[in-house]
Amino acid sequence: LNTFPLSLLNASLTPLPLYDFAPESLRGAKVLVTGSSKGIGEQMAYHYARFGAKIVITARSKDTLQKVVEKCLSLGAQEAFYIAADMSNESDLDRVVDFALKKLGGLDYLVLNHIGSTRIAMWDGDVEHAKWLMKINFFSYIQMAWKALPSLEKNKGSLVIVSSLAGKMPSPLTAPYVSTKSALNGFFGSLRHELAMKKSNVSISVCTLGLIDTETAMSKVKGKVNMPAYPATEAALNIIITGATRQPELFYPWFTYIWTLTKDWIPSFTDYVVQRSYNYSP
Ligand code: NDP
């Protein structure tokens, strides 16, 4: 009950501090954002920078990360560092969290956002790809969250998980991706209960996004999907506000929430609309 109205407000297309968001709470906040060399993660890094946070960003491409860090500093980040890492490599996961803990002296926010590349195509039985994607999009999230938890506990911090409507409602042509997002929703939903039962002071925000106009997403859906895309910079700001106000869920844009209802209320209609949103002829 608590989540629903706030999530709707939060998911307006022009995010406004409609309730409890105090921008100054992010001044000096210690933040690690993954997948932040481009797309939504890059936009989150810039918003955190404008709020005066201390940031560590990570992705694989060192050159791009360096440019993002420079821009973060010019936008007002109190501190900004980068570390190149591959989330499919288990030893990189602890290395990234340790780097952030050391550089920032702890963590207030861990924002898990990275994804491995996957095709928009009919499932072709490539189990190895599904396992690889699960490693990047799911197992790395739970390992990094566990590693950061003691510091987040100490700082009354927040875990922010960037998920997708695909995690709430299966879409076609992306079966491995859908699986990883459903796994995230399940795992972090369960962990949220456990933290509450332990009276932990760490909040978990799971963010459900619709189609967002990042370069990667737009190049992948071109000619294949008929859906409007929404701005990455607004999606990024909504995610940050959701984490800062310790909301359990975000739906951006707001009507993604409606889809999660219609799939149970009127499943055959929802299936029809979903399948019609993809250009495919056998
Ligand atoms: P992008 O493809 O734009 O960015 C992905 C980021 O992850 C990049 O910084 C990339 O950098 C990094 N990355 C990719 N592979 C690895 C790897 N193996 N190890 C470490 N980092 C890696 O993604 P979006 O911004 O579009 O998506 C961000 C989040 O939003 C994802 O969780 C996605 O599921 C979610 N989302 C996006 C939607 C959309 O329509 N865009 C819709 C719904 C949810 P590099 O290549 O340098 O490593």
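Rules behind the numbers
- Residues numbered from 1 in each chain as written.
- Predicted model: local features only at pLDDT ≥ 70, side-chain atom pairs only at ≥ 80, totals over all residues.
- Heavy atoms only, no water.
- Near = heavy atom within 4 Å.
- Polar contact = N/O pair within 3.5 Å; in protein donor to acceptor, adjacent residues only side chain to side chain.
- Areas by Shrake-Rupley, 256 points an atom, 1.4 Å probe, with all protein chains shown as cover.
- Helix = DSSP H or I, 4+ residues; strand = E, 2+ residues; numbered from the N terminus.
- Nonpolar A, V, L, I, M, F, W, Y, C, P; charged D, E, K, R; others polar.
- Buried < 20%, exposed > 50% of the residue type's maximum accessible area, 1.4 Å probe, protein only.
- Pairing = 2+ DSSP bridges.
- Right-handed = clockwise from strand over helix to strand, strands pointing away.
- Salt bridge = Lys/Arg side-chain N within 4 Å of Asp/Glu carboxyl O.
- Axes fitted to C-alpha atoms, helices over the stretch in contact; angles between N-to-C directions.
- Contact = heavy atoms within 4.5 Å.

## Remarks on the site of the ligand
Inspection of the region around the ligand gives 29 residues, with Ser-37, Arg-60, Ser-61, Tyr-177 and Thr-214 positioned closest. Within the side chain of Ser-61, a nitrogen or oxygen atom sits 2.7 Å from an oxygen atom of the ligand. A distance of 2.9 Å is found between a nitrogen atom of the ligand and a side-chain nitrogen or oxygen belonging to Asp-86. Summarising the interface, the protein chains cover 93% of the accessible area of the ligand, which totals 890 Å² for the free molecule. Looking at the shell around the ligand, the elements that each hand over two or more residues are helix 2 (39–50), helix 5 (127–154), strand 5 (158–164), helix 6 (175–197) and helix 7 (215–221). A breakdown of the residues in the shell around the ligand according to their chemical character gives 13 nonpolar, twelve polar and four charged.

## As for the pairing of strand 2 (residues 54–59)
Most of strand 2 is tucked away: six of the six residues are buried. Residues Lys-54, Val-56 and Thr-58 line one face of strand 2 and the alternating positions Ile-55, Ile-57 and Ala-59 line the opposite face, and both faces are buried. Here strand 1 (residues 30–34) runs beside strand 2; their pairing, made up of five bridges, is parallel. Residue pairing across strands places Val-33 opposite Ile-57, the latter belonging to strand 2. Viewed along the sheet, the connection from strand 1 through helix 2 into strand 2 turns out right-handed. Relative to strand 3 (residues 79–84), strand 2 runs parallel, the two sharing six bridges. Bridging from a neighbouring strand, Ile-57 pairs with Tyr-82 of strand 3. Remark: the strand 2/helix 3 (residues 62–75)/strand 3 crossover connection has right-handed handedness.

## Focus on the pattern of salt bridges
In this structure the tally under the stated criterion is six salt bridges. Linking Lys-263 and Asp-264 is a salt bridge whose minimum nitrogen-to-oxygen distance equals 3.4 Å. Judged by its relative accessible area of 55%, Asp-264 falls in the exposed class.

## Structural notes on the sheet that holds strand 3
Spatial strand order, 3-2-1-4-5-6-7: seven strands in an open sheet with parallel pairing. Taken across any chain shown, the strands that pair with only one partner, and hence form the sheet edges, are strand 3 and strand 7 (249–252). Across the sheet, the mean angle from the axis of one strand to that of its neighbour is 15°, orientation sign disregarded. Pairing of strand 5 with strand 6 (residues 203–209), which is carried by seven bridges, proceeds in the parallel orientation. The partner of Val-160 across the bridge, within strand 6, is Ser-205. Across the sheet, helix 4 (residues 90–104) touches strand 1, strand 2 and strand 3, and the angle it forms with strand 3 is around 160°. Its contacts with the sheet put helix 8 (residues 232–244) on strand 4 (109–112), strand 5, strand 6 and strand 7, and the angle it makes with strand 7 is roughly 165°.

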